[in-house]
Amino acid sequence: MSRKVNISVDNLPDTLRGQIHGVESAIDNESLALFTDNKDVRISIENAAHGLRAYSNTFNHYDLWGRFVRSGHKKLPLEEAPKKTIITRKISEKVDGILYDGEIKITPAVVSTRKDGEDIEYLVWPSDREEKVERALIRLASKGKIVKINFKSGIQYAVVFSMNELAQELKAVGQSMPYPAIKESLEALQGSKLSFKYSATDTKNSDIDDSFYESNMNFLSSLHFSGKKGQGGNVKCVACLNAFVHNMIDNLEYKGYYFNSAQELKRGLSRWMMLRLYHLWRYAAPGKTYHFRLLSIMEKYGSIYSTDNITENKLKALRRDMTTTMKDLIEKGAISEYSITNVKDDKTGNIIDYTYEMHPSDQFCDEILTLNKHNKRIEIQGGKRIVENAVLIDEDKIEEIVEK
């Protein structure tokens, strides 16, 4: 499969042409070539339950943050907007030895919809629908539909696609949407804002000082459409990725996963858990387990907040949701079994939480092994990882070799 995207300055939307100096496809740009390199991560038919699996990328800590709204308002007419529209969540994730701790704020987009011949403005919070579209968008980028655009104001990475191509990616995993819904989701991603501030602590090296970060941006930096009236799926789109994602691509801060395996799952929590396992369980092997607390994982997912009063009935409801997700993961072949341990209050003896222990399936272990090998090769090619078992020769030895 060719990674080259057939695009030039001349066939970009009018809103972009006068702003840019040039365009590079993934075949011309080293960072994008690595991001779209998926030739070594196809699992053979003998080892795959569903034949060849679709490959995509997930961004290290960014995709683990609760960036999407799971409950409450998702789309409201402006006149029905609540007093408080910005959603605040905690960030607490440990990835590759780095502990990220802080908070994230989600501001909804304002989207205009034609209804009964009248334009009505809505507040749209990025929810499960937008998460599906974003995953499909990054899947297209991972396949090679990504370019580097040299704007007069700076460089941006952008996904270049047609509405039909994005619709087909969604359809392939059972998430079919009409074109208007896909377009509104893209507009919601572009209009919704992310504000985050967090510290990054290297837990493996206490000599390294903590780093502090604070940024404000949109899910998508900008969005552009071009085509003819009534074209529908043939409408061309350019979605510019935000600066945070751009930097993660340049710094190789992403990992591969099998798009179909995660996105074919019907329930949002199951899809999110599957992606999380691909992302964090990089040492999955027979005999090794993965643990998590129910309330902690549900807070990370976005179902609850740290300030919520979790009643007995609410705790039971959360456990039912997780039980269904565990069954989904077993059916999908990610885990072979799991166990639950009660966490009780020392004073009252009441159950206040649950600890889950998951056992990986042989299939999932094989997948992770393949993905790890691929990730290691990408890091070596990108200069992030030193080749193991390399022979180090000091200067005196080099002189001896040269003299001989």
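No experiment lies behind these values; they were computed from the predicted model shown.

Criteria and thresholds
- Residues numbered from 1 in each chain as written.
- Predicted model: local features only at pLDDT ≥ 70, side-chain atom pairs only at ≥ 80, totals over all residues.
- Heavy atoms only, no water.
- Core = buried A, V, L, I, M, F, W, Y, C linked by side-chain atoms within 4.5 Å.
- Buried < 20%, exposed > 50% of the residue type's maximum accessible area, 1.4 Å probe, protein only.
- Helix = DSSP H or I, 4+ residues; strand = E, 2+ residues; numbered from the N terminus.
- Contact = heavy atoms within 4.5 Å.
- 1 Å grid on protein atoms, 1.4 Å probe; cavity = no way out; pocket = protein on both sides within 12 Å on 5 of 7 lines; lining within 4 Å.
- Points joined across faces, edges and corners; volume = space filled by probe spheres on them.
- Nonpolar A, V, L, I, M, F, W, Y, C, P; charged D, E, K, R; others polar.
- Phe/Tyr/Trp six-rings, centres within 6.5 Å; stacked < 30°, edge-to-face > 60°.
- Lys NZ or Arg CZ within 6 Å of the ring centre and 35° of its normal.

1. Let's talk about the nonpolar core
- Counting 96 residues, the largest nonpolar core has L329 and M358 as the members making the most contacts within it.
- With seven residues, helix α8 (residues 268-280) is the largest single contributor of residues to this core.
- Among all residues touching L329, those that are not within four sequence positions of it are L265, S270, M273, M274, L277, A334, I335 and M358.
- I20, F151, A158 and V238 belong to the second largest nonpolar core, which has nine residues in total.

2. Remarks on the layout of surface pockets
- A volume near 1300 Å³ is recorded for the largest pocket.
- Lining the largest pocket are 43 residues, and of these V95, D96, G97, I98 and K255 lie nearest its centre.
- Going through the elements one at a time, β4 (87-95), β5 (98-107), β10 (193-202), β11 (211-218), β14 (254-258), α8 and α11 (362-381) are the ones with two or more residues in the lining of the largest pocket.
- Here the lining of the largest pocket gets seven residues from one element, more than from any other, and that element is α11.
- Of the residues belonging to the lining of the largest pocket, the class tally is 17 nonpolar, ten polar and 16 charged.

3. Digging into the packing of aromatic side chains
- This model, assessed by the stated rule, comprises 21 aromatic pairs.
- Taken together, Y257, Y258, Y278, W281, Y290, F292, Y338, Y356 and F364 form an aromatic cluster joined through their ring pairs.
- The ring of F225 carries the charged tip of K183 above its face, separated from the ring centre by 4.7 Å.
- Against the face of Y354 rests R319, its NZ or CZ located 4.7 Å from the ring centre.

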